[in-house]
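Residues per chain, in single letters:
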Number of protein chains: 2
Amino acid sequence: MKEKRIYNFNAGPAALPLPVLEEIRDSFLNFAGSGMSIVEISHRSKWFDDVINDAAARTKRLLNLDERYHVLFIQGGASLQFCMVPMNLLKDGESADYVNTGTWSAKAAKEAKILGKSVKVAASSEDKNFSYIPKNISFSSDAVYVHITSNNTIKGTQWAEFPDTKGIPLISDMSSDIMSRRFDAKPFGLIYAGAQKNIGPAGVCMVIIRDDMLKRVPATLPSMLKYTTFSESNSLYNTPPCFSVYTIRLVLKWLEETVGGLDKMEEINRKKGAAIYSFIDSTEFYRGTAEPGSRSLMNVTFRLPDEELEKKFIKEAAENNLGGLKGHRSVGGCRASVYNATTLEGVETLVDFMKTFEKKNG
Amino acid sequence: MKEKRIYNFNAGPAALPLPVLEEIRDSFLNFAGSGMSIVEISHRSKWFDDVINDAAARTKRLLNLDERYHVLFIQGGASLQFCMVPMNLLKDGESADYVNTGTWSAKAAKEAKILGKSVKVAASSEDKNFSYIPKNISFSSDAVYVHITSNNTIKGTQWAEFPDTKGIPLISDMSSDIMSRRFDAKPFGLIYAGAQKNIGPAGVCMVIIRDDMLKRVPATLPSMLKYTTFSESNSLYNTPPCFSVYTIRLVLKWLEETVGGLDKMEEINRKKGAAIYSFIDSTEFYRGTAEPGSRSLMNVTFRLPDEELEKKFIKEAAENNLGGLKGHRSVGGCRASVYNATTLEGVETLVDFMKTFEKKNG
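Nothing here was measured: the structure is a model prediction, and the numbers come from that model. (Residues numbered from 1 in each chain as written. Chains lettered and ligands numbered in written order. Predicted model: local features only at pLDDT ≥ 70, side-chain atom pairs only at ≥ 80, totals over all residues. Heavy atoms only, no water.)

Peer 1: Please give an account of the domain arrangement of chain A that cites residues and values.
Peer 2: Residue and element names in this part refer to chain A. Parsing chain A into structural domains produces domain 1 (21-258) and domain 2 (261-361). For domain 1 versus domain 2, the separation of C-alpha centres amounts to 27 Å. Tallying the contact residues gives 27 residues for domain 1 and 25 residues for domain 2. Carbon and sulfur atoms make up 50% of the area that domain 1 and domain 2 hide from each other, which totals about 2100 Å². Taken together, domain 1 and domain 2 are joined by 1 salt bridge. A salt bridge links Arg-182 to Asp-263; the nearest nitrogen and oxygen atoms lie 3.3 Å apart. (Domains from an automatic or database assignment. Contact = heavy atoms within 4.5 Å. Buried area = accessible area lost by both parts, 1.4 Å probe. Salt bridge = Lys/Arg side-chain N within 4 Å of Asp/Glu carboxyl O.)

See the structure below:
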């Protein structure tokens, strides 16, 4: 059965690869010959062990992680990580550096402060409305970790290269660009990513943590808020969000076996980015909000000459099967989120629509 | 397409109503005409607002909750509630009573103690291996709340009637029997239930909280660990576990519109319980582990004459499309979980198999 589908530019939850959705649908009443749905099988079964182990193994292969790294699946989204990171890794008397590149990094620092932790803002791009990624940052030599947000969904910026922290463990919220490109994971002590943008549905956060970070976890935390609870139980201390982990596994399988890995994925994402940014740069009608060297390949934020035209643009785009183009409610404007599952064809269709809209309204 | 399905007696994740699974499958590529999957739509969309509001409204109708109660959807399962409850509701210098009816109530009390909270075990059935529910309990007059586990999945016991706390707010983990029967919610200050047994898939915990409990929440907690964060945002402070909430909504719709409400559901569950317990009582071969007055209508725990026969029973049952009959790994034996979605036909098929197995091996 052929379903009517739109081009989905949502910022998250976002488009997922069509073959993944089809596999979920086709096996939904009978998973792997079990006679049960994936949502009905026990998390203690061989079936689910295979799912969660494969999801972790594919993560390690795709990101080229060495044996010091553990892949955990935790509920609560990146927002829960904002407090779990300092709760687990920052002792009283110690301090951590945070780079403020917008809403989500600010929230991460705020939750650390709520806990009474010592946090220093090592750099910020607030002076120019978070339209760029700070460069040449001096980090505190005594910082226990440096926290960054690798991609900023609201402002449409992304770290092109990660900062040199002179050996201080990097911690990054990679919710909106994990698995979108190849990068060297070695400087990272911890990476976390809410799944609902690039790797799966809402309801699970992937946490990649290195051995030396696990050693910092205090014994006195509630069980569900300790990273060691998850690392020591293969994320099966209590019932995990099985369906979300299962979908991540299918997305990673698609990434490895259909797309062909992260180099290939990055190549496609660069083509998508080039298609839309080069068009935006060729006209005065649309105006990108991020500085060119800091532009995100995941979230393309732009404005039209006025807000009325923006409303009209979003409305007419939706009528043409191009959905999710409204900017974040906190900043307005337009945003095309072009995560891994968004195809080049989708981006080209959007650019064609933008051209037509400009001709009619420019 | 007719799928091969088994009779699923898993303790959780567990069987879900077949019409719910079919609706998810049939609309999985195009939810409500959106041209997107339910896992691809924005949690800030009208589509998802309708889903989460309907799930909450049906909960309030089914449980006959008055306007003082708020229905929240929180990640992390009941296990996260074990720490969130005391973190939010129990101040330093105050004390709460816990009734220990087995593994899960003990874990709830343990997490409160990890937080340094004052907890008193008001009653326990540990003396008889948790095979019964304590009666005539004297609660501490200064207890801020009384915590119970309404149904004990591992030991197969269930509170037939809730204890009289003389006005002290009751708090219950109802993960394994919520929506299985009619009860008076008024004595309850808070009810929580991991969805993966009676109301949905893993990945979301339903929390029902009363106004006076919300007033106890300290301002200084991390945002994701405060009940007020969820009550003030309609559970949309950050991205909720959309798919799990959506499935809960479908299950509750089925409960209201197909089953006909909780009175009807309870009637069916009593018939299922009678079918299996009356058979167990009629033979020496099978032996129920819970005391008759404390037996669970959700988890029927029983032993066979020896462990070899139990292994054989579980294996041959599985070969006859009766799955999930192994007891919890901490206690062994056999367990048939017969939640709402398990049909009377399924229970009768199980009883027939038990009879045949006894004839061959008794």
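Picking up where we left off.
Peer 1: Give a description of the nonpolar core that names residues and reports values.
Peer 2: Here is a general trend for soluble globular proteins: nonpolar side chains tend to be buried in one another's company. With 126 residues, the main nonpolar core has Phe-28, Ile-178 and Phe-243 of chain A together with Phe-28, Ile-178 and Phe-243 of chain B as its most contacted residues. Not counting residues within four places of it along the chain, the set of residues in contact with Phe-28 of chain B comprises Leu-21, Ile-24, Arg-25 and Phe-243 of chain A together with Ser-37, Ile-38, Val-39 and Phe-243 of chain B. (Core = buried A, V, L, I, M, F, W, Y, C linked by side-chain atoms within 4.5 Å. Buried < 20%, exposed > 50% of the residue type's maximum accessible area, 1.4 Å probe, protein only.)

Peer 1: An account of the packing of aromatic side chains is requested, with residue identities and associated values reported.
Peer 2: Under the criterion given, the structure shown has 35 aromatic pairs over all chains. Centroid distance Tyr-98 of chain B to Tyr-145 of chain B: 5.9 Å. Interplanar angle 65°. Geometry classified as edge-to-face. In this pair, Tyr-98 of chain B is assigned in strand E3 (residues 95-100) and Tyr-145 of chain B in strand E5 (residues 143-149), connecting sequence segments 47 residues apart. Tyr-98 of chain B sits in the buried class, given a relative accessible area of 2%. What links up through ring pairs into an aromatic cluster is the set Phe-28, Phe-31, Phe-243 and Tyr-246 of chain A together with Phe-28, Phe-31, Phe-243 and Tyr-246 of chain B. The ring of Tyr-132 of chain A carries Lys-128 of chain A above its face, with NZ or CZ at 5.7 Å from the centroid. (Phe/Tyr/Trp six-rings, centres within 6.5 Å; stacked < 30°, edge-to-face > 60°. Helix = DSSP H or I, 4+ residues; strand = E, 2+ residues; numbered from the N terminus. Lys NZ or Arg CZ within 6 Å of the ring centre and 35° of its normal.)

Peer 1: Can you tell me about the side chain of Ser-79 of chain A, naming the residues and giving the values?
Peer 2: Looking at where Ser-79 of chain A falls in the secondary structure, it is placed in helix H3 (residues 77-89). Residue classification places Ser-79 of chain A among the buried positions, given a relative accessible area of 7%. Here Ser-79 of chain A is in contact with Met-224, Tyr-237 and Asn-238 of chain B, once residues within four sequence places are set aside.

Peer 1: Please set out the confidence of the model for chain A residue by residue, giving values where relevant.
Peer 2: Confidence in the prediction for chain A averages 97 pLDDT; 99% of positions are at 70 or higher. Confidence metrics for the complex model read pTM 0.98 and ipTM 0.98. (pLDDT = per-residue confidence, 0-100.)

Peer 1: Can you break down the interface of chain A and chain B residue by residue, with the values?
Peer 2: Every contact between the two is made by 62 residues of chain A and, on the other side, 62 residues of chain B. With both chains or domains summed, chain A and chain B bury close to 5000 Å², and 58% of this area falls on carbon and sulfur atoms. There are 2 salt bridges connecting chain A and chain B. A salt bridge links Glu-40 of chain A to Arg-5 of chain B, with the shortest nitrogen-to-oxygen separation between them at 2.7 Å. Counting across the interface, chain A meets chain B through 22 residue pairs in polar contact (both at pLDDT 80 or more). For the side of chain A that touches chain B, the secondary-structure elements that each account for two or more residues are helix H1 (18-26), H3, helix H4 (103-114) and helix H7 (242-259) of chain A. Examining the composition of the side of chain A that touches chain B, we find that 6 residues originate from one element, H1 of chain A, more than from any other. Among the residues forming the side of chain A that touches chain B, the class breakdown is 30 nonpolar, 20 polar and 12 charged. (Polar contact = N/O pair within 3.5 Å; in protein donor to acceptor, adjacent residues only side chain to side chain. Nonpolar A, V, L, I, M, F, W, Y, C, P; charged D, E, K, R; others polar.)

Peer 1: Describe the environment of Ile-191 of chain A, listing the residues and the values that go with them.
Peer 2: Residues and elements named next belong to chain A. Summarising the element assignment, Ile-191 is placed in strand E9 (residues 188-194). For the pair Ile-191 and Ile-178, spaced 13 residues apart in sequence, the C-alpha separation works out to 9.0 Å. Contact partners of Ile-191, with chain neighbours within four places excluded, come to Ser-172, Met-174, Ile-178, Phe-183, Met-206, Val-207 and Ile-208.

Peer 1: With reference to specific residues and values, describe the pairing of E9 of chain A.
Peer 2: Residues and elements named next belong to chain A. Summarising burial for E9: 7 of the 7 residues are buried, a large majority. Where strand E8 (residues 170-173) lies against E9, 4 bridges are found, and the strand directions are parallel. Considered in E9, the bridge of Ile-171 is made with Leu-190. Relative to strand E10 (residues 205-210), E9 is paired through 5 bridges, and the arrangement is antiparallel. Paired with Tyr-192 across the strands is Val-207, a residue of E10. (Pairing = 2+ DSSP bridges.)

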